[in-house]
Amino acid sequence: MTERPAQRTPNRQLAALIAEAGFSNAGLARRVDQLGLEHGLDLRYDKTSVTRWLRGQQPRGTTPALIAEVFTRRLGRRLTAQDLGLDACAPVYAGLEFAATPEEAVDIVSGLWRKDSGSHAELRKIAFTPAGLVVPSRDWLIGRPDDKVARGESAPRVPAQGRPASPKFSTSLEQGGPPSRQRGQSERGPGQKVTGGDIAALRSVGELFRALDNAYGGGHARQALVRYLEHEAEPMLRGTYGEQTGRRLFAAAADLTRLAGWTSYDIGAHGLAQRYFVQALRLAQAAGDRMYGAYVLVTMSRQAVYLGHGREAVQLARVAQQGVGTSAPPVVQALLHAVEARGHGVLGEVRACTSSLVRAERALESARPGEEVPYWARFFDEAQLADEFGHCHRDLQQYRAAIQHAERSLQLRAPGYARSRLFCRVVLATARLGLGELDQACQLAAEAAGQAAEMRSVRATEYVRDFERRLEPYKDAAPVRGYRDKVAALH
């Protein structure tokens, strides 16, 4: 790693903290390297690197924030790069932190909302980091419930260890300019009491944006959702509320944050989506809603499947299963097993995939009519299970089975799930192609391409492109030429 020219004076702040933490130079370097690996970075610092930092040289890129995180973990209080006498930076892992307290969780996620609502293009270019899935999922699984989330009208905010709050995401990513708005700037006054009506409004907004996403794609109203979170949800989280209201508020904020991540995922902003999912997971913990936390992990697993990280997808699904145990309703159990199956399918693990699908099918069959199901799991019905089967069999190149299940899903699926129907149609087209049924495959794919052109969904476009890549061996065949002419007419 290249360092900047040395400062004129030694870094006494860093020296004092090294002494307080009891680190050797080699020990500090080793911990920075280890933390970097958690976030997909190969740093390779050593004791000589630390000696240079102590002499006043400034490490580049993400390293100042990583060093600050090492000291935060060691000393049990939040420290920033500036606290260490280092230049602040915009770390690529910012937003992947699993906050120590609900207060810190609000700081991190609100910084993310503010940055995103400002239409900062660089935020949407952040890469997905498979290694960044490990720590949040582990911390969620083994973490203790938050003792207190209530905020009183006269009670001061006391962050962890009684130190002044240092909202990591906003300070690290908003260098060089003010945030898009000041905290608390909305129709709601700072510290205003949160009511049941406020939370009901958050829930209603979630249903609205969910319906828009399903029908028209994540890019249709994503930015409006993020601005709503910034201008309405953040002031509520910084308002006043008791324990019961506070838990419900965190639950509603978790749901909207997960949805912001889902819509980001749908437009191909995968690193940004990953950060939203991690923060939604932490908000769900503050809500005390273990099952919703498992649902967030399921969402993260789906993204990992889409990006081809099958092993991580399986692990996330299993963490979710372990986190809720056997107490979850059968529909939720079915969802958890189906998502694990998708990970096995990506890996080509036929036996494990089949086993997970069987468990999902049995769980869904055991659901009783009228049984209470969490609102977020109601979409998981026979149509969705058939869709999961179709995807898995396609990935395993079991094309006849894929056709059977994809056709069943399309028969059962409600029209409002337009994007899901599109995905399933492409799965069906791919399976037909796999059996050499070129005419039918191209006809189905042309329908899907027409639907994708009407949506704001990178995933929809990518499904079609994946099919087109599979067409290459048949590029001179008449059905393929006809397909390309139809698709060209759409643009």
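Residues numbered from 1 in each chain as written. Predicted model: local features only at pLDDT ≥ 70, side-chain atom pairs only at ≥ 80, totals over all residues. Heavy atoms only, no water.

**Student:** Can you lay out the overall build of the protein chain for me, pointing to particular residues and giving the numbers?
**Tutor:** Looking only at helices and strands, the protein chain has 21 helices and zero strands in total. Taken across its 491 residues, the protein chain has 56% of its residues classed as buried. Summed over its atoms, the accessible surface of the protein chain is roughly 21000 Å², and 50% of this surface lies on carbon and sulfur atoms. (Helix = DSSP H or I, 4+ residues; strand = E, 2+ residues; numbered from the N terminus. Buried < 20%, exposed > 50% of the residue type's maximum accessible area, 1.4 Å probe, protein only. Areas by Shrake-Rupley, 256 points an atom, 1.4 Å probe, with all protein chains shown as cover.)

**Student:** Give a detailed account of the packing of helix α20 (residues 458–470) against helix α21 (residues 478–489), specifying residues and quantitative values.
**Tutor:** Where α20 meets α21, the axes come as close as 12 Å, and the angle between the chain directions of the two elements is 150°. Classified by the angle their axes make, α20 and α21 are roughly antiparallel. Like other packed secondary-structure pairs, α20 and α21 cross with a definite hand, here left-handed. Contact residues: α20 offers Val464, Phe467 and Glu468, while α21 offers Tyr483, Arg484 and Val487. Here the residues of the contact of α20 with α21 sort into four nonpolar, no polar and two charged. (Axes fitted to C-alpha atoms, helices over the stretch in contact; angles between N-to-C directions. Parallel < 35°, antiparallel > 145°, perpendicular 65-115°, else oblique. Left-handed = near helix turned anticlockwise from the far one by under 90°. Contact = heavy atoms within 4.5 Å. Nonpolar A, V, L, I, M, F, W, Y, C, P; charged D, E, K, R; others polar.)

**Student:** I'd like to hear about the environment of Phe98, residue by residue, with values.
**Tutor:** Looking at where Phe98 falls in the secondary structure, it is placed in the loop between α4 (63–75) and α5 (102–117). For Phe98, a relative accessible area of 13% puts it in the buried group. Taking the C-alpha atoms as reference points, Phe98 and Leu281, separated by 183 residues in sequence, lie 8.3 Å from one another. For Phe98, the residues in contact, after removing those within four places along its chain, are Pro136, Asp139, Trp140, Val278, Leu281, Arg282 and Gln285.

**Student:** If you had to explain the packing of aromatic side chains to someone new, which residues and values would you point to?
**Tutor:** Using the criterion set out here, one finds 10 aromatic pairs in the structure. Seen from their ring centres, Tyr292 and Tyr295 are 5.6 Å apart, and the 70° between their planes marks the pair as edge-to-face. Residue Tyr292 and its partner Tyr295 are located together in helix α12 (residues 290–306), separated by three residues, close to a single helical turn. The class for Tyr292 is buried, based on a relative accessible area of 2%. On the basis of relative accessibility, which here comes to 10%, the residue Tyr295 falls in the buried class. (Phe/Tyr/Trp six-rings, centres within 6.5 Å; stacked < 30°, edge-to-face > 60°.)

**Student:** Tell me what's going on with the confidence of the model for the protein chain, and back it up with residues and numbers.
**Tutor:** Summary statistics for the protein chain give a mean pLDDT of 88 and a share of 88% for residues scoring 70 or more. Considering only residues more than four positions removed or in separate chains, one finds that residues 1–7, a stretch of pLDDT under 50, has 22 contacts. In this model residues 154–185 is a low-confidence stretch, pLDDT under 50, and it forms 60 contacts with partners more than four residues away in sequence or in other chains. (pLDDT = per-residue confidence, 0-100.)

**Student:** Report on unusual backbone geometry, specifying residues and quantitative values.
**Tutor:** Backbone geometry places Arg44, a non-glycine residue, at a positive phi of 60°. Topologically, Arg44 is positioned in the loop between α2 (25–38) and α3 (47–54). Positioned with a positive phi, Gln397 is a non-glycine residue whose angle comes to about 60°.

**Student:** Give me the packing of helix α18 (residues 418–434) against α20: which residues, what numbers.
**Tutor:** The geometry of α18 relative to α20 is characterised by a closest axis approach of 10 Å and an angle of 5° between their N-to-C directions. Regarding the angle of α18 to α20, the classification is roughly parallel. Contacts from Arg419, Leu422, Phe423, Val426, Val427, Ala429, Thr430 and Leu433 in α18 reach Arg459, Ala460, Tyr463, Val464, Phe467 and Arg470 in α20. Looking at the contact of α18 with α20 residue by residue, the classes come out as 10 nonpolar, one polar and three charged.

**Student:** Describe in detail the environment of Glu340, supporting the description with residues and values.
**Tutor:** With respect to the secondary-structure elements, Glu340 resides in helix α14 (residues 330–347). Its relative accessible area of 2% is what places Glu340 among the buried residues. For the pair formed by Glu340 and Val314, sequence separation is 26 residues and the distance between their alpha carbons is 5.0 Å. Residues within four places of Glu340 in sequence aside, it is in contact with Val314, Ala317, Arg318, Gln321, Ser356 and Arg359. A distance of 2.9 Å separates a polar atom in the side chain of Glu340 from a polar atom in the side chain of His344. (Polar contact = N/O pair within 3.5 Å; in protein donor to acceptor, adjacent residues only side chain to side chain.)

**Student:** Kindly report on α12, identifying the contributing residues and their values.
**Tutor:** The end-to-end C-alpha separation of α12 is 25 Å, in line with the 24 Å expected for 17 residues at 1.5 Å each. Most of α12 is tucked away: 14 of the 17 residues are buried. Taking the backbone nitrogen of Met291 as reference, a side-chain oxygen 3.4 Å away marks Asp289 as the first, capping residue of α12. Gly308 lies just past α12 and shows a positive phi near 85°. (Expected span 1.5 Å × (residues − 1).)

**Student:** Lay out the pattern of salt bridges in plain terms, naming residues and giving numbers.
**Tutor:** For side chains of opposite charge, pairing can occur when their charged atoms come near one another. The tally for this structure, following the rule as stated, stands at 30 salt bridges. Close ionic contact of Arg311 with Glu349 constitutes a salt bridge, the shortest N to O distance being 2.6 Å. Highlighted residues: Arg311 in helix α13 (residues 310–324) and Glu349 in the loop between α14 and α15 (350–365), separated in sequence by 38 residues. On the basis of relative accessibility, which here comes to 37%, the residue Arg311 falls in the partly exposed class. A salt bridge links Arg465 to Glu462, with the nearest nitrogen and oxygen atoms 3.2 Å apart. A residue pair is termed a helical-turn pair when its members lie 3 or 4 positions apart in one helix, as Arg465 and Glu462 do in helix α20 at three residues. Three or more residues joined by partner-sharing salt bridges are found here, namely Asp107, Arg114, Glu234 and Arg238. (Salt bridge = Lys/Arg side-chain N within 4 Å of Asp/Glu carboxyl O.)

**Student:** Residue-level account of the environment of Ala489, with values.
**Tutor:** Positionally, Ala489 belongs in helix α21. The exposed category is assigned to Ala489, whose relative accessible area is 64%. When the C-alpha atoms of Ala489 and Gly450 are compared, they prove to be 9.6 Å apart, with 39 residues separating the residues in sequence.

**Student:** So, helix α19 (residues 438–453): which residues are in play, and what are the values?
**Tutor:** Spanning 16 residues, α19 covers 22 Å between terminal C-alpha atoms, matching the ideal 22 Å at 1.5 Å per step. Within the sequence span of α19, burial applies to Leu438, Ala441, Cys442, Leu444, Ala445, Ala446, Ala448, Ala449 and Ala452. Looking at the packing, one finds that the buried side of α19 touches α18, α20 and α21.

**Student:** Tell me what's going on with the nonpolar core, and back it up with residues and numbers.
**Tutor:** Formed by 87 residues in total, the largest nonpolar core has its most connected members in Leu202, Leu249, Phe250, Leu297, Met300, Leu335 and Phe380. Ala406, Val427, Val464 and Val487 belong to the second largest nonpolar core, which has 32 residues in total. (Core = buried A, V, L, I, M, F, W, Y, C linked by side-chain atoms within 4.5 Å.)

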